[in-house]
Amino acid sequence: MRSTSLKTLLAAFIAAPAAKFATVAFSSPTIISSSSNSIINTARIQHNSRPARLSPNQMTLADVSDLYATFPLQSAIVTCGVKASVADGIAQARSEADKLELRRNLAYILYGGIFIGGMCHLEYDYIFPYLFGDDHSIKTIFEEVIFDNFISAPLCWLPPAYLVKAAVYDYPLREGLEK
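**A look at the overall build of the protein chain**
Within the protein chain, the secondary structure is distributed over 6 helices and 2 strands. Secondary structure of the protein chain in N-to-C order comes out as α-β-β-α-α-α-α-α. The long-range share in the protein chain, meaning contacts at least 24 apart out of those at least 6 apart in sequence, stands at 57%. In the structure as shown, the protein chain presents an accessible area of about 12300 Å², 65% of it carried by carbon and sulfur atoms.

Printed below as a string of structure tokens:
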């Protein structure tokens, strides 16, 4: 019985936004022709043409792709923050907790968004090309993986996780680093 309320909360938290996204992103867009104000089904539109105007609640996968290409840092922060929140929510639901621990979830959102989304964007898109070049050879990939696993992760990614947790739970940052 204890996990039911948390599972219900998680279902509302996860399923409603997911359903909205699925409706917006994956529905067949309705295009309103500016010349005749008639509704045209996308099946009749040529593959390479862009829609004239979508109804306000709809967005194509191309629009989502454009958003990620236009705002890569912001998209990385939001995407990783949401993923961290959902992952923590699922972990809390599986642990059969009485209710969703919001402070813990906030810590995951902040860490996931700022450090995983934002900082990884900077590392992979700017620092790695500077350090290792732009080619995608096996040698370069191997060097990047070794650098990421043995230098970036222990020195750059783990300490902020404990610092964020310390800040969210109101205990000294030094105590967070000692963990």
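**Observations concerning the packing of helix α3 (residues 72-94) against helix α4 (residues 102-132)**
One can describe the packing of α3 onto α4 by two numbers: an axis separation of 7 Å at closest approach and a directional angle of 145 degrees. The interaxial crossing formed by α3 with α4 has right-handed handedness. Here Pro 72, Leu 73, Ala 76, Ile 77, Cys 80, Gly 81, Ala 84, Ser 85, Asp 88, Gly 89, Ala 91 and Gln 92 of α3 lie close against α4, whose contacting residues are Arg 104, Asn 105, Tyr 108, Ile 109, Gly 112, Gly 113, Ile 116, Gly 117, Gly 118 and His 121.

**Notes on the state of the cysteines**
Following the criterion strictly, the structure yields 0 disulfides and no others. The thiol sulfur of Cys 80 is not disulfide-bonded, and the nearest other cysteine sulfur, from Cys 120, lies at 7.1 Å. The class for Cys 120 is buried, based on a relative accessible area of 11%.

**Thoughts on a nonpolar patch on the surface**
Judged by side-chain polarity, Leu 73, Ile 77, Met 119, Leu 122, Tyr 126, Ile 127, Tyr 130 and Leu 131 come together as a nonpolar surface patch covering roughly 790 Å² of accessible area. Elements supplying a minimum of two residues to the nonpolar patch: α3 and α4. For the nonpolar patch, the leading source of residues is α4, giving 6 residues. Take Tyr 130: it is sitting in helix α4.

**Considering the packing of α4 against helix α5 (residues 138-168)**
For the pair α4 and α5, interaxial distance at closest approach is 10 Å and the crossing angle is 150 degrees. When the axes of α4 and α5 are compared, the pair comes out roughly antiparallel. For the pair α4 and α5, the sense of crossing is right-handed. Residue classes in the contact of α4 with α5 are distributed as 18 nonpolar, 2 polar and 6 charged.

**Section: the packing of aromatic side chains**
Counted according to the given criterion, the structure contains 5 aromatic pairs. Aromatic side chains Tyr 124 and Phe 128 sit 5.4 Å apart centroid to centroid with 65 degrees between the ring planes, which places their arrangement in the edge-to-face category. Of this pair, Tyr 124 and Phe 128 both sit in helix α4, 4 residues apart, roughly one helical turn. Judged by centre distance (5.3 Å) and plane angle (90 degrees), the ring pair of Phe 128 and Phe 132 falls under edge-to-face. Of this pair, Phe 128 and Phe 132 both sit in helix α4, 4 residues apart, which is roughly one turn of that helix. For the pair shown, Phe 128 and Phe 132 are each scored as buried. Taken together through their ring pairs, the aromatic side chains of Tyr 124, Phe 128, Phe 132 and Phe 147 make up a single cluster.

**What about the pattern of salt bridges?**
Between side chains of opposite charge, a pair can form when the charged atoms approach closely. Per the counting criterion, the structure on display carries 3 salt bridges. The salt bridge partner of Asp 88 is Arg 104, with a shortest N-O separation of 2.5 Å. Of this pair, Asp 88 sits in helix α3 while Arg 104 sits in helix α4, placing them 16 residues apart in sequence. Owing to a relative accessible area of 2%, Asp 88 belongs among the buried residues under this scheme. Taking relative accessible area as the criterion, Arg 104 reaches 27% and is therefore assigned partly exposed. With a shortest N-O distance of 2.8 Å, Arg 103 and Asp 170 are connected by a salt bridge. Of this pair, Arg 103 sits in helix α4 while Asp 170 sits in the loop between α5 and α6 (173-178); the two residues are 67 residues apart in sequence, bridging distant segments of the chain. Judged by relative accessible area, which is 61%, Asp 170 ranks as exposed.

Rules used throughout
- Residues numbered from 1 in each chain as written.
- Predicted model: local features only at pLDDT ≥ 70, side-chain atom pairs only at ≥ 80, totals over all residues.
- Heavy atoms only, no water.
- Helix = DSSP H or I, 4+ residues; strand = E, 2+ residues; numbered from the N terminus.
- Contact = heavy atoms within 4.5 Å.
- Areas by Shrake-Rupley, 256 points an atom, 1.4 Å probe, with all protein chains shown as cover.
- Axes fitted to C-alpha atoms, helices over the stretch in contact; angles between N-to-C directions.
- Left-handed = near helix turned anticlockwise from the far one by under 90°.
- Disulfide = S-S within 2.5 Å.
- Buried < 20%, exposed > 50% of the residue type's maximum accessible area, 1.4 Å probe, protein only.
- Patch = residues over 30% accessible without salt bridge, like charges linked within 9 Å, V, L, I, M, F, W, Y side chains within 5 Å.
- Salt bridge = Lys/Arg side-chain N within 4 Å of Asp/Glu carboxyl O.
- Parallel < 35°, antiparallel > 145°, perpendicular 65-115°, else oblique.
- Nonpolar A, V, L, I, M, F, W, Y, C, P; charged D, E, K, R; others polar.
- Phe/Tyr/Trp six-rings, centres within 6.5 Å; stacked < 30°, edge-to-face > 60°.

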